[in-house]
Amino acid sequence: MPILKLPFNQFSKSKSPSNWRAQINQNQLISQISSIILQRHNWVTLLPNFNLASKLTPSLFHQILLKTQKNPQISLSFFNWVKTNLGFQPDLAAHSQIIRISIDSGLFQPAEDILDSLIETQRVSVLVDSVIRACGRGKDSESPVLGFVLECYSNKGLLTQALEVFRRTTIHGHVPSVRACNALLDSLLREHEIKLALCVCGALFRRGVLPDYVRIAQILCKNGKLERVVRLLDMGIVCNALIYKLVIDCYSERGNFSGAFHYLDEMCNRKFDPGFGTYNSILDGACKFENEEVIQIVLGSMVEKGLLSKLPLLEYDSIVQKTSNLGQTHAAQMFFKRARDEKIELDDSTYGCMLRALAKEGRVKEAIGVYYVILENGVTVVKDSCYHAFINVLSEEDPSKEVSKLVGEIIGKGFSPCGSKLSKFVASLCKNHRWKDADDLVNVVIEKGLLPDSFCCCALMEHYCRSGQIDSAIALHEKIKKVKGSLDVATYNVLLNGIFTEKRIEDAVSVFDCMRSRNLLSSTSFTIMISGLCSQKELRKAMKFHDEMLKMGLKPDIATYKRLISGFK
């Protein structure tokens with residue numbers, strides 16, 4: 001019978017007395033620290049005796065957390081203490097454990113604070129997998145911890161990451177909580193991602209999770225499936241005031257006022273009390289479709305129910321603002337116009353509300369009209385959000401002369417749209433060869449000390465260089481430097497080429513120094529500099545750049561290099 005031979009060195013290593021002794025000592029240390037933390041109120045003054053700063057390892061710390069988890073508040077306090085007093089940085093696994101311990105015991109705020117810090121620094125896939133390991137595997141089990149993570153991403157509007165949390169949670173056999181799923185659906189609805197919301201609903205149904213009917217109804221209505229929601233009401237499957245309001249909103253938006261009034265009556269018959277928003281929804285639709293008969297009926301009902309005053313002269317500000325904040329801009333516009341026609345002096349804030357509401361609804365022409373009224377009446381709009389909403393919607397329009405002028409005007413007031421929208425707007429100007437308008441707009445942005453999107457500047461810079469407007473190109477570069485902006489490497493290279501065509505060596509060296517300070521050098525950059533200097537017989541300067549190029553490992557391909565060094569002859 002053959003004798004099984006074991007590798008002696010491996011066996012002896014795993015069973016060596018020193019390793020056993022170290023393991024025993026570590027277990028004793030874990031037990032001592034855990035006992036002190038759990039049993040002694042003054043543990044903070046006792047722990048320094050153990051010289052933990054030199055002994056604490058991720059593994060040891062992790063085991064202490066597990067030993068003390070029976071008292072979650074103590075575990076959390078110890079977690080914070082080692083970070084503050086020992087400078088110890090727990091790893092991702094420890095963070096995941098303390099989040100699990102905190103949530104399982106209802107300590108939601110500390111868990112959220114810790115999770116927020118991880119969201120900023122960790123990739124979502126890595127973070128979720130770590131939390132899943134901390135929770136353990138549970139086939140078809142609801143995980144409050146993973147639900148908490150999903151809810152946190154959803155509430156922050158991080159849709160891509162939230163969907164990844166949802167995907168990984170279900171893949172590992174966990175079922176998201178209804179609350180977490182509702183948060184995800186709310187986030188998708190806010191961003192008008194209706195198809196994605198439908199996909200999420202389908203995945204939930206397959207796993208036996210049913211989101212609340214209001215969200216299902218919202219998704220169906222936004223997907224043009226109002227009839228399905230109506231069927232749910234008519235069959236008595238759901239009976240909810242919010243769903244009735246949703247159906248009334250949809251019918252009003254479509255101009256189907258008989259349907260809207262039918263379900264308004266149903267709502268009243270079921271003892272649901274329709275409020276200002278419900279009646280105003282029908283009024284908004286009637287104003288949109290210019291149905292004067294319905295407008296009068298609704299206004300009469302609102303006065304009868306005390307939702308509007310019989311003499312609204314003193315209420316126009318509150319009515320316009322309330323209606324604007326509900327997003328019911330057609331009704332708000334009607335009240336706004338009536339007030340102006342009756343020479344009622346409105347608060348400045350009312351003008352701001354109208355401007356913001358119209359902008360958010362994408363009613364650009366009407367928003368521009370209100371903006372001109374604001375200028376004409378010398379109104380001071382205090383809330384920044386009003387102008388931000390206005391300029392954001394303007395930036396999405398085709399850049400007509402009027403719109404370009406308005407965008408520049410609003411930026412001149414100190415309000416800038418988000419970078420991507422401004423970039424797209426300037427790109428549209430450039431595409432239409434409206435270089436002067438693009439230049440004026442970028443100048444306004446820079447003069448306000450704002451940092452323009454690099455794409456805007458790159459398109460403009462390339463135009464200047466290719467059309468021989470080198471002075472304009474250099475002037476733009478100086479402005480970009482002033483606000484600590486930058487171009488991309490390719491555009492810098494176009495600028496260098498343009499400068500050398502004008503034989504402006506000092507300007508070329510200055511631009512190259514700027515590229516070097518921003519770590520934006522490439523093999524092509526050196527090739528342009530060396531070739532340009534050689535063509536101007538500046539061979540010593542060219543050789544310095546050549547040596548720097550080789551030192552940085554940016555030597556070009558053989559054919560280019562041969563052409564380059566031929567300039568030194």
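Residues numbered from 1 in each chain as written. Predicted model: local features only at pLDDT ≥ 70, side-chain atom pairs only at ≥ 80, totals over all residues. Heavy atoms only, no water.

Trainee: Quick one: what's the story with the overall build of the chain, residue by residue and with numbers?
Mentor: Looking only at helices and strands, the chain has 34 helices and 2 strands in total. On C-alpha atoms alone, the chain measures out to a radius of gyration of 34 Å, which is more than a quarter above the 25 Å that the 2.2 N^0.38 rule sets for 569 residues. Expressed as lengths along the three principal axes of its C-alpha atoms, the size of the chain is roughly 95 × 80 × 55 Å. A burial count over the chain gives 46% of its 569 residues as buried. Sequence separation of at least 24 residues holds for 63% of the intrachain contacts in the chain that already meet a minimum separation of 6. In the structure as shown, the chain presents an accessible area of about 29900 Å², 52% of it carried by carbon and sulfur atoms. Distance between charge centres in the chain, computed from 71 positive and 60 negative side chains, equals 11 Å. (Helix = DSSP H or I, 4+ residues; strand = E, 2+ residues; numbered from the N terminus. Rg over C-alpha atoms; globule rule 2.2 N^0.38 Å. Buried < 20%, exposed > 50% of the residue type's maximum accessible area, 1.4 Å probe, protein only. Contact = heavy atoms within 4.5 Å. Areas by Shrake-Rupley, 256 points an atom, 1.4 Å probe, with all protein chains shown as cover. Lys, Arg positive; Asp, Glu negative; His and termini not counted. Charge placed at Lys NZ, Arg CZ, Asp CG, Glu CD.)

Trainee: Please set out the state of the cysteines residue by residue, giving values where relevant.
Mentor: Tallied over the entire structure, the rule returns 0 disulfides. Take Cys135: it sits in no disulfide, and the sulfur closest to it among the cysteines is that of Cys152, at 15 Å. A disulfide-free cysteine, Cys386 has its sulfur positioned 6.2 Å from the sulfur of Cys353, the nearest such atom. (Disulfide = S-S within 2.5 Å.)

Trainee: For the side chain of Ser102, give the residues involved together with the corresponding values.
Mentor: Along the chain, Ser102 turns up in helix H7 (residues 92-104). Exposure remark for Ser102: the relative accessible area of 0% places this residue in the buried category. Excluding anything up to four places from it in sequence, Ser102 contacts Leu76, Leu107 and Ala111.

Trainee: Before we move on, could you go through the layout of surface pockets and cite the residues and values that matter?
Mentor: Remark: the empty space left among the atoms is shown by a probe the size of a water molecule rolled over them. A volume near 1200 Å³ is recorded for the largest pocket. Lining of the largest pocket is provided by 28 residues; of these, Lys222, Asp249, Glu253, Leu326 and Glu361 occupy positions nearest its centre. Elements with a contribution of two residues or more to the lining of the largest pocket: helix H12 (178-190), helix H14 (213-222), helix H16 (241-254), helix H18 (276-288) and helix H21 (329-341). Tallying contributions element by element places H16 first for the lining of the largest pocket, with 8 residues. Space inside the second largest pocket adds up to approximately 340 Å³. Lining the second largest pocket are 16 residues, and of these His330, Gln333, Met334, Lys337 and Arg363 lie nearest its centre. Of all the secondary-structure elements, those providing two or more residues to the lining of the second largest pocket are H18, helix H19 (292-304), H21 and helix H23 (364-377). Ranked by residue count, the leading element in the lining of the second largest pocket is H21, at 6 residues. (1 Å grid on protein atoms, 1.4 Å probe; cavity = no way out; pocket = protein on both sides within 12 Å on 5 of 7 lines; lining within 4 Å. Points joined across faces, edges and corners; volume = space filled by probe spheres on them.)

Trainee: If you had to explain the packing of aromatic side chains to someone new, which residues and values would you point to?
Mentor: Note on aromatic pairs: each is described by the distance of the centres and the angle between the planes. This structure, assessed with the given rule, holds 18 aromatic pairs. Between Tyr371 and Tyr372 the ring centres are 6.2 Å apart and the planes differ by 50 degrees, which places this aromatic pair in the tilted class. You can call Tyr371 buried: its relative accessible area is 0%. Directly above the aromatic system of Phe276 lies the positively charged group of Lys322, at a separation of 4.2 Å from the ring centroid. (Phe/Tyr/Trp six-rings, centres within 6.5 Å; stacked < 30°, edge-to-face > 60°. Lys NZ or Arg CZ within 6 Å of the ring centre and 35° of its normal.)

Trainee: How would you sum up the confidence of the model for the chain? Please name residues and give values.
Mentor: For the chain, the average pLDDT comes to 90, and 95% of its residues sit at 70 or higher. When mean pLDDT is compared element by element in the chain, H18 scores highest at 97, while helix H1 (residues 8-14) scores lowest at 44. Here residues 1-15 is a poorly scored stretch, pLDDT under 50, and it has 3 contacts once near neighbours within four places are set aside; other chains count. (pLDDT = per-residue confidence, 0-100.)

Trainee: Let's hear about unusual backbone geometry: which residues, and what values?
Mentor: Unlike most non-glycine residues, Lys503 shows phi in positive territory, near 60 degrees. Structurally, Lys503 can be placed in the loop between helix H30 (489-501) and helix H31 (505-517). Notably, Lys537 is not glycine yet its phi reads approximately 65 degrees, a positive angle. Mapped onto the elements of the fold, Lys537 is located in the loop between helix H32 (523-535) and helix H33 (539-551).

Trainee: Got a sec to walk through the pattern of salt bridges? Specific residues and values, please.
Mentor: For the structure on display, the rule yields 23 salt bridges. Between Asp249 and Lys245 there is a salt bridge, and its shortest N-O distance comes to 3.0 Å. Of this pair, Asp249 and Lys245 both sit in helix H16, separated by 4 residues, roughly a single helical turn. The exposure class of Asp249 is partly exposed, given its relative accessible area of 22%. In this structure, a network of salt bridges that share partners links the residues Asp129, Glu164, Arg167 and Arg168. (Salt bridge = Lys/Arg side-chain N within 4 Å of Asp/Glu carboxyl O.)

Trainee: Give a detailed account of helix H5 (residues 58-68), specifying residues and quantitative values.
Mentor: Three or more residues of H5 are buried, namely Leu60, Phe61, Ile64, Leu65 and Thr68. When H5 is viewed along its axis, its buried side chains cluster within an angular range of 140 degrees and face the same direction. (Arc of directions from axis to C-beta.)

Trainee: Explain the packing of H5 against helix H6 (residues 72-85) residue by residue, including any values.
Mentor: Two numbers describe how H5 lies on H6: the axes approach to 8 Å, and their chain directions differ by 155 degrees. When the axes of H5 and H6 are compared, the pair comes out roughly antiparallel. In the crossing of H5 with H6, the sense of the turn from one axis to the other is right-handed. Contact with H5, carried on its side by Phe61, Ile64, Leu65 and Thr68, involves Pro72, Ser75, Phe78, Phe79 and Val82 of H6 and no other residues of that element. (Axes fitted to C-alpha atoms, helices over the stretch in contact; angles between N-to-C directions. Parallel < 35°, antiparallel > 145°, perpendicular 65-115°, else oblique. Left-handed = near helix turned anticlockwise from the far one by under 90°.)

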